[in-house]
Amino acid sequence: MSAITQWIQGMDLTYFIERLMVAAAAVLSICVHESSHGLAALRLGDDTAKRMGRITLNPLKHLDVVGLLMMIFAGFGWAKPVPVDMRRFKNPKTGMALTALAGPLSNVLLAFALLPLYYVACSLLVRTYSQVWYWVSIFFRLAVVLNASLAVFNLLPISPLDGSKILAIVLPEKWYVQLMRYERYGMLVLMALLFTGVLDKGLGAAQSFIFARLGDLAASIFTGLRLLQTGDEAVFTDVNGNVFCTVTGDVEPESAPVLLVMAHLDEIGMIVTKIE
């Protein structure tokens, strides 16, 4: 019994809570992504996903246990594929591409929808210094980042990712048919690219770009401000270009909501010299 107690006491509780947060964010993101595929297919004429109960936010219908664990601990994973019968579409190739696009698009929209909640959680954290609001803000940040990541990752034109289906409306029919002959090897290629880190730099840049643009858009809509970053200084301006707040030091795009909240809590024009 004492050995178990010592093991529990020696656990890194912060890491454990963070993994739980990642799991919760992953479940939400996956359910929305997969349900969006089914809903798009239904609107385009195929009710297969609906008949199989896949247009739902019930995680049991979508989650693959191994895929979820991989997403939590390895940074990438998968879910149960949504069944689609493209023969039911009026235009099979276009219908399949639009159904595939619905997944990544839903993640972008969800990330944008969660940003205001991140703002609110950060605001309450700064006001209360509460552990609860700290973890709530962490959850929303993880959810926004994860959704942006899922959107970018799934747009890669490698089977079985959504991008390979979207490619159908871009490539000539002859080229696409040739490409699909190698579809079975897509997962092997994808795993090799992920494990070798070949995709890391490009995916990271794309994810940061989407996150920054979402933050800009949310800041404009919800606070009337926008973030301009130049080197070691971040400047918040209103829609007329007037400086609202200046932040010195390196500023990551995902820090913008916290900085905006802190700017609102301080006097207009105050220079924040250090952000913990």
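Overview of the structure.

Rules of the game
Residues numbered from 1 in each chain as written. Predicted model: local features only at pLDDT ≥ 70, side-chain atom pairs only at ≥ 80, totals over all residues. Heavy atoms only, no water. Helix = DSSP H or I, 4+ residues; strand = E, 2+ residues; numbered from the N terminus. Expected span 1.5 Å × (residues − 1). Polar contact = N/O pair within 3.5 Å; in protein donor to acceptor, adjacent residues only side chain to side chain. Patch = residues over 30% accessible without salt bridge, like charges linked within 9 Å, V, L, I, M, F, W, Y side chains within 5 Å. Areas by Shrake-Rupley, 256 points an atom, 1.4 Å probe, with all protein chains shown as cover. Salt bridge = Lys/Arg side-chain N within 4 Å of Asp/Glu carboxyl O. Phe/Tyr/Trp six-rings, centres within 6.5 Å; stacked < 30°, edge-to-face > 60°. Buried < 20%, exposed > 50% of the residue type's maximum accessible area, 1.4 Å probe, protein only. Axes fitted to C-alpha atoms, helices over the stretch in contact; angles between N-to-C directions. Parallel < 35°, antiparallel > 145°, perpendicular 65-115°, else oblique. Left-handed = near helix turned anticlockwise from the far one by under 90°. Contact = heavy atoms within 4.5 Å. Nonpolar A, V, L, I, M, F, W, Y, C, P; charged D, E, K, R; others polar.

## A closer look at helix 6 (residues 131-154)
Link 1 in the chain: Relative to the 34 Å expected for 24 residues at 1.5 Å per residue, helix 6 spans 34 Å between its end C-alpha atoms, a close match to the ideal helical length.
Link 2 in the chain: By the N-cap criterion, in which a side-chain oxygen at the helix start approaches the backbone nitrogen of a residue two or three places on, helix 6 is capped by Ser-130, the distance to Val-132 being 3.1 Å.

## Structural notes on a nonpolar patch on the surface
Link 1 in the chain: Judged by side-chain polarity, Leu-44, Leu-98, Leu-101, Leu-105, Leu-109 and Leu-155 come together as a nonpolar surface patch covering roughly 490 Å² of accessible area.
Link 2 in the chain: Mapped onto the secondary structure, Leu-105 falls in helix 5 (residues 92-128).

## Here we look at the packing of aromatic side chains
Link 1 in the chain: Taken as a whole, this structure holds two aromatic pairs when the rule is applied.
Link 2 in the chain: An angle of 75° between the planes, with centres 5.0 Å apart, marks the rings of Tyr-134 and Trp-135 as edge-to-face.
Link 3 in the chain: Given the relative accessible area of 33%, Tyr-134 is considered partly exposed.

## Concerning the packing of helix 2 (residues 13-43) against helix 6
Link 1 in the chain: It is at 9 Å that the axes of helix 2 and helix 6 come closest, and there the two elements cross at 50°. Overall, the two elements helix 2 and helix 6 adopt an arrangement that is oblique. Crossing of helix 2 over helix 6 shows right-handed handedness. Contact residues: helix 2 offers Thr-14, Ile-17, Glu-18, Met-21, Val-22, Ala-24, Ala-25, Ala-26, Ser-29 and His-33, while helix 6 offers Trp-135, Phe-139, Leu-142, Ala-143, Leu-146, Asn-147, Leu-150 and Asn-154.
Link 2 in the chain: Counted by class, the contact of helix 2 with helix 6 contains 12 nonpolar, five polar and one charged residues.

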